[in-house]
Amino acid sequence: MTRIVNQTLTADGSTTPATWAPMTKGAPTRGTFWAIGNFGGGVAELQGSPDGGVTWVNIPDASGTPVVFSANGVINFELYANREDTQIRVVLLGSTTPNLNIIIDDVN
């Protein structure tokens, strides 16, 4: 397991983007996303970028629903990344005075 994001958000915005490891032998890279603390009424969205941070999209869970938390939560996810410049981050939106701890682990 490798911790690739460990950051506290105290205002709307995003964590520092982290490089996400490409898949090996056709298998996805598995991760765990934790959001713990005061959301300040906002939501935290797990996002990925296939092009080095130019374009960001929400990462879905196994059912295809975007991973979005409005209260403490943890979820395991898989991301099929086939490029070296794939990045991952969490964005906090709609909050007022949050204090939110964000952790993303690469669990391969």
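From a predicted model like this one, the values you see are computed outputs, not experimental measurements.

## Brief notes about the pairing of strand β5 (residues 43-49)
Right, on to step 1. Most of β5 sits out of view: six of its seven residues are buried.
Right, on to step 2. Bridge count for β5 against strand β9 (residues 87-93) is seven bridges, and the pairing is antiparallel. Within the sheet, the bridge partner assigned to Gly-48 lies in β9 and is Ile-88.
Right, on to step 3. When β5 meets strand β7 (residues 68-69), the two strands line up antiparallel, connected through two bridges. Bridge pairing in β7 links Ala-44 to Phe-69.
Right, on to step 4. As defined by bridge partners, β5 adjoins strand β6 (residues 57-58) across two bridges and the pair is classed as antiparallel. Looking at the pairing, Gly-48 lines up with Val-57 of β6.

Definitions and cut-offs
- Numbers given to residues run from 1 along each chain, matching the order in which its sequence is written.
- Selection of residues for local features in this predicted model requires a pLDDT of at least 70, selection of side-chain atom pairs for listing and counting requires 80 or more, and totals for whole chains, interfaces and linings are taken over all residues.
- Hydrogens and water are ignored here; the side-chain numbers use all heavy atoms of the structure.
- When a residue's accessible area, from a 1.4 Å probe over protein chains only, is under 20% of the maximum for its type it is buried; when over 50% it is exposed; and in between it is partly exposed.
- In DSSP terms, a helix is any run of H or I states spanning at least four residues, a strand is any run of E spanning at least two, and both are numbered starting from the N terminus.
- When DSSP finds two or more bridges between two strands, those strands count as paired.

In short, geometric facts, not functional conclusions.
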